[in-house]
Amino acid sequence: MPQDPDPPPAKRFKPGSPFFRLDKKPGMLLPRTGQAPVSVDAQRRQLPIYQAKTQLINQLRQLHNAVIIGETGSGKTTQIPQYLYEAGIGRQGIIAVTQPRRVAAISLSSRVAEEKRVQLGKIVGYTVRFEDVTSSETKLKFMTDGMLLREAIGDPLLLRYTVVILDEAHERTVHTDVLFGVVKSAQRKRAEQNKVPLKVLVMSATMDVDLFSQYFNNSPVLYLEGRQHAIQIYYTKQRQSDYLQAALVSVFQIHQEAPASHDILVFLTGQEEIEALARTCRDIAKHLPDTCGPMTVIPLYASLPQAQQFRVFQPAPKGSRKVILSTNIAETSITISGIKYIIDTGMVKAKRFNPDSGLEVLAVQRVSKAQAWQRAGRAGREDAGSCYRLYTEEEFDNFANMTVPEIQRCNLASVVLQLLALGVSDVLNFDFMSKPSPESMRTAVEQLNILGAVDRKDEKVLLTPLGKKMASFPLEPRFSKTLLISPDFSCTEEILTIISLLSVDSVLYNPPARRDDVLAVRKKFISSEGDHITLLSIYRAFKKVNGNKEWCRENFVNSRNMGLVSEVRGQLRDICIKMNMKLESSQSDIANIRRCLAHGMFMNAAQLQLDGGYVALDTQQAVAIHPSSVLFQAKPAYVVFNELLHTSRCYMRDLCLVDADWLQEAAPEYFRRKLRATKS
Ligand code: CDP
Ligand code: MG
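Residues numbered from 1 in each chain as written. Chains lettered and ligands numbered in written order. Predicted model: local features only at pLDDT ≥ 70, side-chain atom pairs only at ≥ 80, totals over all residues. Heavy atoms only, no water.

> What exactly am I supposed to notice about the sheet that holds strand S2 (residues 65-69) here?
The mixed open sheet is built from eight strands, whose spatial order is S5-S4-S6-S3-S7-S8-S2-S9. At either end of the open sheet lies a strand with only one pairing partner, and these are strand S5 (131-133) and strand S9 (221-223). The sheet shows a mean angle of 20 degrees between the axes of neighbouring strands, direction not considered. Sheet topology places strand S4 (residues 124-128) next to strand S6 (residues 140-144); four bridges connect them, and they run parallel. For glycine 125, the partnering residue across the bridge sits in S6 and is lysine 141. (Pairing = 2+ DSSP bridges. Helix = DSSP H or I, 4+ residues; strand = E, 2+ residues; numbered from the N terminus. Axes fitted to C-alpha atoms, helices over the stretch in contact; angles between N-to-C directions.)

The following block contains the structure:
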């Protein structure tokens, strides 16, 4: 930050050009209507998309493929499925609307059910991983893209569906990208076999849609006019070395100068920094002179319990300014009214992958230009707004134009396994919209081969019986493998629990303000054998008190997420039973559980070095134990870890203590090769 303690924004920031979006297209702009209307019906009629309804229905009736663009909040997701349904389009089957995010699928289906005045789960329903709120009556089905992919394994032509709407396509998640290929092939095959045609609509909040259009048979692009007002963009005059400090100063600068009704949305990268900044903001706000007015600080990130996520939509108490600190979840997935100021740190936490090493890490990195524009756009929904970019204009010029699709920067083992399970014969040449590099495809095949999930014959990749079983679980390959070998260690019940705990958002609640209390109550659960075992004891204690809410509160356990763990566990257990797996409990024998984890997760092993640091054995990368781990103060010789997080260093999260012998016996050939690599 500048040394000058509190220069006014005008001095610290340099104005860029004002920014208008979607203002060049003709016609569908609605006059502004002032206050929010009362009834849901009136709200529907005031959405920008309503003006285009008839035209839209007429066009969509004719087309097999279309790409639809419109600003976030214009009504694409909630209205188009209803328009189709009401116009009788696709009535013979189900209209599917896919979402990259679970939160979005759930909240959107609830909203549409409310608009249609029907009970959720009847005509309108949703399916997300481990949760299915649909019935035989369901015609409008909101689902995560991952769920539609799973359904395609049993029904590659997607015959239950007449329309598939691939929503939030600009997010380009791995699942969406794989789904593009699956849906395209289903559409073609259905046409060839004279089956009921499949209509495929791609919806995006960004303008760069040529790729979508080309990929889907040069489909027409339909533009929806948004209600976008002018946004003044400001850049910092100098580079900022500390974006958190810069964000903090900017929030209070605006807070001291702008009317209280002008809300602020700050884009940050993750839970920890959001919670820390929220605390600092609240502290400072308390000590400001009365002339400043109160501030309501609201965090928003994916792992926050749902009820708390919904707080962002509620207005702040009268006279108080709402300051939302959010991850990129607020970029397009969610519309929040009242936002007048955006503070864009220009940073995002995203996956990064090195195909040579096969290592996937979560890392804090620069956003793309497209993302920066999307963020700025959040300020102009209801009136003119401002966006403060905490970077210089020169820095912005060097941002990448587009975000690289996830499929080109993540580990593809799951994808390859899924494609093989879908019956795709030539996985290495699958028709991806954006092809991943051949190296990362090869790395994925090799990893699956080491796990015993695939065999290679000549140039062909074939699923093994184990691989086939692995694909039956909605889990990452290493987790399904761990589960499938758990009967050998007589600990399937415990592994089910551990994997379920790792599959939902955090079950532990760590309010920074009560750090000492948290530490005090956690003590009794902490295991020197690592985070998996610690989580397991918390789950066992939770079960012992039958999920008592009071117990959860006292122990800083998120009871909703814990409830979800039980559900997930039940569903995974059902799959195990269907496969005739032996369900045994290791009771108090913890070593067996750790041995099983070592056998399933050996590719995520790390070894202590003489200098006290760790090295990931698979990649030889230097790694460290994350401060949140119960092993943070310990120095075990060998661990397996759940994931890597790259911030100032590369951190391992969720660790389990293991023996070197176990790793050796799990994959002797693999470790012999690794060892050779270390020595050379
Ligand atoms: O998909 P798109 O971003 O174009 O808009 P949408 O999700 O269909 O939302 C249209 C409008 O519906 C929003 O601007 C909100 O006013 C309202 N909405 C809501 O009130 N609650 C929801 N859960 C979803 C939408
Ligand atoms: Mg939408």
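> Is there a simple way to think about the site of ligand 1 in this case?
Leu47, Glu71, Thr72, Gly73, Ser74, Gly75, Lys76, Thr77, Thr78, Ser107, Leu108 and Arg111 make up every residue found near ligand 1. One of the backbone N or O atoms of glycine 73 is found 2.6 Å from an oxygen atom in ligand 1. Lysine 76 has a polar side-chain atom sitting 2.9 Å from an oxygen atom of ligand 1. For ligand 1, whose free accessible area comes to 530 Å², the fraction covered by protein is 75%. If you list the elements that add at least two residues to the shell around ligand 1, you get helix H4 (76-86) and helix H5 (102-116). Of the residues belonging to the shell around ligand 1, the class tally is two nonpolar, seven polar and three charged. (Near = heavy atom within 4 Å. Polar contact = N/O pair within 3.5 Å; in protein donor to acceptor, adjacent residues only side chain to side chain. Areas by Shrake-Rupley, 256 points an atom, 1.4 Å probe, with all protein chains shown as cover. Nonpolar A, V, L, I, M, F, W, Y, C, P; charged D, E, K, R; others polar.)

> Would you take a moment to explain the packing of aromatic side chains for this structure?
Aromatic rings in a pair are described by how distant their centres are and how their planes are angled relative to each other. Within this structure, the stated rule accounts for 20 aromatic pairs. Measuring from centroid to centroid gives 4.8 Å for phenylalanine 430 and phenylalanine 432, while their planes differ by 75 degrees, and the two rings are edge-to-face. The two residues phenylalanine 430 and phenylalanine 432 agree in class, both being buried. Ring centres of tyrosine 670 and phenylalanine 671 lie 4.9 Å apart, and the angle between their planes is 80 degrees; this geometry places the pair in the edge-to-face category. Taking relative accessible area as the criterion, tyrosine 670 reaches 4% and is therefore assigned buried. Note that lysine 369 overlies the ring of phenylalanine 396, its terminal NZ or CZ placed 5.8 Å from the centroid. Just above the ring of phenylalanine 479 sits the side chain of arginine 478; from NZ or CZ to the centre is 4.8 Å. (Phe/Tyr/Trp six-rings, centres within 6.5 Å; stacked < 30°, edge-to-face > 60°. Buried < 20%, exposed > 50% of the residue type's maximum accessible area, 1.4 Å probe, protein only. Lys NZ or Arg CZ within 6 Å of the ring centre and 35° of its normal.)

> What exactly am I supposed to notice about the side chain of serine 74 here?
Structurally, serine 74 can be placed in the loop between S2 and H4. On the accessibility criterion, serine 74 (0% relative accessible area) is buried. A polar atom in the side chain of serine 74 sits 2.7 Å from the backbone oxygen of glutamate 71. Ignoring sequence-local partners within four residues, the contact set of serine 74 consists of Leu47, Pro48, Ile49, Glu225 and Arg381. (Contact = heavy atoms within 4.5 Å.)

> Help me out: how do you make sense of the pattern of salt bridges in this one?
Pairs may arise between side chains of opposite charge once their charged atoms sit close together. Evaluation of the coordinates by the stated rule reveals 34 salt bridges. Here arginine 653 ties to glutamate 272 by a salt bridge, and the two come within 3.8 Å at their closest N and O atoms. Note that arginine 653 is positioned in strand S24 (residues 650-657) and glutamate 272 in helix H10 (residues 271-286), a separation of 381 residues in sequence. For arginine 653, a relative accessible area of 18% translates into the label buried. Classification of glutamate 272 by relative accessible area gives partly exposed; the value is 48%. Each of Arg44, Lys53, Glu86, Arg111, Glu115 and Lys116 takes part in a single network of salt bridges with overlapping partners. (Salt bridge = Lys/Arg side-chain N within 4 Å of Asp/Glu carboxyl O.)

Shape descriptors only; they carry no functional weight alone.
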